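Structural description and commentary
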Amino acid sequence: MKLSRKFVSDYIDLDENLTITEIADAMTGVGNEYDSAEKLINCTNLTVGKVLECVDHPDSDHLHVCKVDVGTEILNIVCGAPNCRKGLTVIVALPGAKLPGGEIKRDVIRGVESNGMLCSKAELGLDSKFLTEEDKAGIHELPNDIEVGSDPIKALGLDDEVIDFELTSNRGDLLSILGMAYELGAIYKKDVKEIETSFNENKEDVNDSFKVIVEDNELCNLFLSKKVKNVVIKESPEFIKNRLIASGIRPINNVVDISNYVMLETGQPLHYYDADRLGDTLIVRAAKEGEKLTTLDSIERELTADDIVIANKTDAVGLAGVMGGLSTEVEEDTKNIIIEAAIFNSVKIRKTSKKILRSEASNRFEKGLDPKRTYMAMMRSCHLLEKYADAEIVGGMVAYDKANKEDKTIDITAEKINKVLGIEIPEEEVVSILESLGFGVTAKNGLITVVVPTRRLDVNIVEDLIEEVGRIYGMDNIKGKLPLLNVVTGSYDHTKREIKNKMVALGLNETCSYTLIPKDEVHKFTTDNFEEIYLADPMSEDRNTLRYSLLYSLKEIYLYNKARNNTNISIFEVGKGFYKEDGIYKEDLKLAGLMTGDYYLDITNSKVDFYVVKGVVEELLEYLGFGGRYSFVTGEVPNELHPGQSARIILQGKEVGIIGKLHPNTLKDNVYVFEINLEKLLKNYPSRMTYKDIPKFPSISKDIAFILDKNVTAGDVMATIKKAGGKLLQSISVFDVYTGENVASDKKSIAFNLTFMDMNRTLTDEEVMTVFNGIAEKVCNTYKAEVRDK
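Now for a quick tour of the structure. It should be emphasised that the depicted structure is a prediction, and the values quoted were computed from it without experimental measurement. (Residues numbered from 1 in each chain as written. Predicted model: local features only at pLDDT ≥ 70, side-chain atom pairs only at ≥ 80, totals over all residues. Heavy atoms only, no water.)

Attention shifts here to the nonpolar core. In terms of nonpolar packing, the biggest core is built from 89 residues, with Val8, Phe223, Tyr272, Leu282, Ile310, Phe344 and Leu385 touching the most fellow members. In terms of residues, this core owes the most to one element, strand S22 (residues 337-344), which gives seven residues. Those residues in contact with valine 8 that sit more than four places away from it in its chain are Leu3, Leu14, Ile177, Met180, Ala181 and Leu184. Counting 32 residues, the second largest nonpolar core, distinct from the first, contains Val574, Tyr599, Val617 and Ala647. (Core = buried A, V, L, I, M, F, W, Y, C linked by side-chain atoms within 4.5 Å. Buried < 20%, exposed > 50% of the residue type's maximum accessible area, 1.4 Å probe, protein only. Helix = DSSP H or I, 4+ residues; strand = E, 2+ residues; numbered from the N terminus. Contact = heavy atoms within 4.5 Å.)

So, in structure tokens, the structure goes:
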């Protein structure tokens with residue numbers, strides 16, 4: 001919302017000594033942030049000049065050499081504008097003037113001295129949409145009665161200042177000059193002036209010749225219509241055009257400009273129909289599926305049943321709250337006008353405007369409108385049309401009115417306000433603040449009864465009133481103080497943070513990725529059956545569904561890094577997966593990791609393979625206290641994983657995660673991933689950790705390799721070894737898997753490291769070898785294997 005200082009000053013007397021930045025900062029102090037606060041025309045050292053002489057440049061076919069009277073002296077200025085001529089009153093930028101295009105300096109142009117520049121409006125920084133064809137083609141021609149040497153910006157009426165606000169969605173009342181005036185009135189304790197709405201009506205009654213039909217109150221709860229006759233289409237008065245320009249709206253003609261002017265004043269959009277083309281009936285209805293309407297921008301729109309249209313007896317003539325129809329447009333030959341002021345369903349207008357066009361009008365309809373302002377806007381429109389378009393106002397008004405126009409009454413106490421805000425504001429000051437906002441206030445026996453006008457759609461409950469008091473009182477006036485309360489030991493679970501710290505200690509980097517992914521990716525990297533959660537109104541089709549697995553996100557991060565020649569990736573993320581079960585929205589905390597290329601840990605590095613990733617997962621599970629309770633089991637894995645190099649992570653008979661290499665159909669690179677459902681894992685979290693003493697006696701380590709059939713898994717062999725090893729066998733690990741020379745094509749070699757130890761004594765070689773040979777014999781007999789000797 002752009003606020004013109006001149007426009008708002010029509011309704012509130014602001015101190016002339018206040019700078020525009022001070023006003024903007026004061027508005028920010030009560031919760032209304034702004035993007036910019038500056039002059040409408042931000043130029044310096046300009047003056048009005050009179051062209052006394054204009055001759056052709058001796059060394060150019062298009063330049064002119066002018067003698068220009070600027071009041072204090074006569075300057076020699078070279079000008080290239082085709083409309084430059086003797087007798088013109090012009091805008092002169094003197095040497096040293098600063099314009100949007102740069103600084104004007106004394107110069108010599110093709111051998112002729114030039115002491116300034118004759119300006120067009122475009123060179124003053126006005127947007128091209130505000131310029132006439134004459135302004136675009138040459139210098140601006142001022143009226144001849146303007147005093148030479150005076151300020152041209154002031155003479156043009158463009159000596160305005162503008163604040164561009166970024167308003168919150170609940171403050172639809174501030175999308176009007178009157179709303180801004182009330183806000184400034186509360187800040188500076190000023191009264192807001194009444195808006196002029198008087199006009200004369202003829203003796204006719206519009207209800208005798210025109211009617212309005214609203215088919216559904218859900219579409220429109222208030223629709224007002226009046227008729228004006230014999231309007232004269234012409235140029236608007238300068239003050240209307242200048243206020244529109246300051247507000248960012250292009251002036252067109254007096255009738256169209258009045259509709260926009262009233263919208264800016266009151267916040268109520270209006271629409272004017274050519275009455276002679278419209279007919280005798282307006283109908284508010286839902287559009288028919290596939291119905292066509294050509295809007296004012298000459299584009300044919302195909303509508304749906306969710307759109308609201310304004311129609312006559314035969315066709316749609318307007319898209320309610322968004323844009324009028326071309327067939328009933330007010331044109332240069334229009335004489336009779338039907339005025340529409342209405343309140344439409346804000347949700348439907350929002351959906352339609354997103355499809356068709358966001359406009360000044362739709363923005364206001366979406367936020368909600370004050371029905372009292374709807375009547376005010378209609379009256380104001382008639383007043384201005386009568387005054388500036390010579391209109392004859394037809395008596396009566398066609399009204400469909402089902403709107404609630406009752407002010408809201410809320411009871412509150414100063415004690416309640418102070419308790420919530422944590423400060424002490426006297427009751428008298430509370431009353432003063434509420435009255436300054438234009439609220440009706442009665443205080444009696446400690447109870448403050450507040451009557452909230454309908455223009456404040458955002459104030460509905462006690463807490464809203466407390467917010468109003470707090471922001472007008474000023475956040476800077478609220479002094480901070482330490483809370484007084486009993487402090488008890490918290491119950492925050494640090495497990496999530498410990499998991500992150502452990503992953504970092506293992507050489508992985510933490511990532512944080514989007515929780516929204518494409519819908520066709522959500523069922524990948526899992527074998528679970530679930531219902532995905534799809535966004536009803538996604539910002540992008542690439543981000544339309546809440547993820548279930550984190551692995552898609554990590555894969556995208558890998559591809560991003562790979563495209564930038566970073567191929568050594570070890571990353572993890574702790575985040576949530578989302579799903580719906582039996583109509584209930586649910587979420588699970590998960591840990592996912594992705595590793596490829598070189599794996600660096602401390603000062604060592606190795607190539608990432610399945611066993612490196614498996615070792616990372618084992619380190620984490622051991623750290624969390626799950627040693628001896630988990631296993632890696634082959635079987636059904638997601639299609640995105642390589643079936644021969646993947647496994648399910650099992651904890652006490654239940655699957656808690658997956659691990660493996662990405663399938664070549666998913667990614668041809670050697671990329672390994674894992675994902676653990678922390679919700680399932682931590683349900684089995686040991687309530688008490690049992691720690692073993694550091695061994696006092698040495699251990700004995702033995703390596704052994706078996707040649708086995710290719711379909712035998714290392715996990716099965718390890719289970720057999722563990723059972724055969726008994727109490728003396730402390731740990732088993734795979735350190736090599738080999739196929740190739742000296743091993744048959746249908747066989748593979750798996751090498752294990754076995755560690756033997758007794759916590760109470762030193763083992764002898766003889767008893768270790770007895771157990772070791774028993775393990776070898778058991779494995780060979782069970783799997784028809786043989787011990788590899790080379």
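Right, let's get into the sheet that holds strand S20 (residues 316-319). Overall, mixed pairing links the five strands, which are arranged S13-S16-S19-S20-S21 in an open sheet. This sheet does not close on itself; its edge strands, each paired only once, are strand S13 (211-214) and strand S21 (323-324). Pairing of S13 with strand S16 (residues 281-286) involves four bridges; the strand directions are parallel. Bridge pairing in S16 places valine 214 opposite valine 284. (Pairing = 2+ DSSP bridges.)

As a further point, take the environment of isoleucine 650. Position of isoleucine 650 relative to the elements: it lies in strand S37 (residues 641-651). Of the residues examined, isoleucine 650 reaches a relative accessible area of 11% and is grouped as buried. Setting aside residues no more than four positions away along its own chain, isoleucine 650 makes contact with Arg629, Tyr630, Ser631, Val633 and Glu655.

Three- or four-residue spacings in an α-helix give side chains the same orientation, since the helix completes a turn every 3.6 residues. In terms of burial, helix H10 (residues 360-367) is a largely internal element, six of the eight residues being buried. Buried residues of H10: Ala361, Ser362, Asn363, Arg364, Phe365 and Glu366, and no others. Of the surrounding secondary structure, the elements contacted by the buried residues of H10 are helix H7 (254-266), S22 and helix H9 (346-355). Phi turns positive one or two residues past the end of H10, at glycine 368, with a value near 100 degrees.

The subject of this paragraph is the pattern of salt bridges. Scanning the model with the defined rule gives 47 salt bridges in all. Across the salt bridge formed by aspartate 401 and lysine 405, the nearest N and O atoms sit 2.6 Å from each other. In this structure, glutamate 618 and lysine 614 form a salt bridge, with 2.9 Å as the shortest nitrogen-oxygen distance. Remark: lysine 614 and glutamate 618 occur in helix H17 (residues 610-623); sequence separation between them is four residues, near one turn of the helix. Judged by its relative accessible area of 24%, glutamate 618 falls in the partly exposed class. (Salt bridge = Lys/Arg side-chain N within 4 Å of Asp/Glu carboxyl O.)

With that settled, consider the sheet that holds strand S41 (residues 729-738). In spatial order, the strands read S41-S42-S40-S43; together these four strands make up an open sheet with antiparallel pairing. With partners counted over all chains shown, the strands left at the sheet margins are S41 and strand S43 (786-787), one partner each. Bridge analysis of S41 against strand S42 (residues 747-756) gives eight bridges, and the strand direction is antiparallel. Bridging from a neighbouring strand, isoleucine 732 pairs with leucine 754 of S42. Where helix H19 (residues 714-725) meets the sheet, its contacts fall on strand S40 (700-709), S41 and S42, and the angle it forms with S41 comes to roughly 150 degrees. (Axes fitted to C-alpha atoms, helices over the stretch in contact; angles between N-to-C directions.)

Scanning all chains against the criterion turns up 10 aromatic pairs. Between the aromatic rings of phenylalanine 7 and tyrosine 261, the centroid separation amounts to 4.8 Å while the plane-to-plane angle is 20 degrees, which identifies the pairing as stacked. You can see phenylalanine 7 sitting in helix H1 (residues 5-9) and its partner tyrosine 261 sitting in helix H7, a full 254 residues away along the chain. Overall, the relative accessible area of 0% leaves phenylalanine 7 in the buried class. Residue tyrosine 261 is classed as buried on the basis of its relative accessible area of 1%. Their ring planes at 90 degrees and their centres at 5.5 Å tell us that phenylalanine 610 and tyrosine 611 sit as a pair that is edge-to-face. A relative accessible area of 14% places phenylalanine 610 in the buried class. Within the aromatic cluster, the residues linked to one another by ring pairs are Phe7, Phe239, Tyr261 and Tyr388. We note arginine 455 situated over the ring of tyrosine 182; from NZ or CZ to the ring centre the distance is 3.7 Å. (Phe/Tyr/Trp six-rings, centres within 6.5 Å; stacked < 30°, edge-to-face > 60°. Lys NZ or Arg CZ within 6 Å of the ring centre and 35° of its normal.)

A cluster of acidic side chains, namely Glu289, Glu300, Glu302 and Asp306, defines a negative patch on the protein surface. Relative to the helices and strands, glutamate 289 is located in the loop between S16 and strand S17 (292-294). On the accessibility criterion, glutamate 289 (61% relative accessible area) is exposed. (Patch = residues over 30% accessible without salt bridge, like charges linked within 9 Å, V, L, I, M, F, W, Y side chains within 5 Å. Areas by Shrake-Rupley, 256 points an atom, 1.4 Å probe, with all protein chains shown as cover. Lys, Arg positive; Asp, Glu negative; His and termini not counted. Charge placed at Lys NZ, Arg CZ, Asp CG, Glu CD.)

Further remarks concern the pairing of strand S5 (residues 74-79). Of all six residues in S5, five are buried, a share of seventy percent or more. As judged from the six bridges shared by strand S4 (residues 64-69) and S5, these two strands associate in the antiparallel manner. For cysteine 66, the partnering residue across the bridge sits in S5 and is isoleucine 77. In textbook terms, the turn of a hairpin is the stretch between consecutive antiparallel strands, and for S4 and S5 this stretch comprises four residues, one of which, glycine 71, has a positive phi near 100 degrees.

What follows is about the side chain of asparagine 312. Within the secondary structure, asparagine 312 is located in the loop between strand S19 (308-311) and S20. Separated by 2.8 Å, the side chain of asparagine 312 and the backbone nitrogen of aspartate 315 make a polar contact. Contact partners of asparagine 312, with chain neighbours within four places excluded, come to Leu278, Thr281, Ile283 and Val317. (Polar contact = N/O pair within 3.5 Å; in protein donor to acceptor, adjacent residues only side chain to side chain.)

Let us look at the packing of H19 against helix H20 (residues 765-783). Two numbers describe how H19 lies on H20: the axes approach to 9 Å, and their chain directions differ by 140 degrees. On the basis of their axis angle, the class for H19 and H20 is oblique. Crossing of H19 over H20 shows right-handed handedness. Within the contact between the two elements, H19 uses Asp716, Val717, Thr720, Ile721, Ala724 and Gly725 and H20 uses Val771, Ile775, Lys778, Val779, Thr782 and Tyr783. Tallied by class, the residues present in the contact of H19 with H20 amount to seven nonpolar, three polar and two charged. (Parallel < 35°, antiparallel > 145°, perpendicular 65-115°, else oblique. Left-handed = near helix turned anticlockwise from the far one by under 90°. Nonpolar A, V, L, I, M, F, W, Y, C, P; charged D, E, K, R; others polar.)

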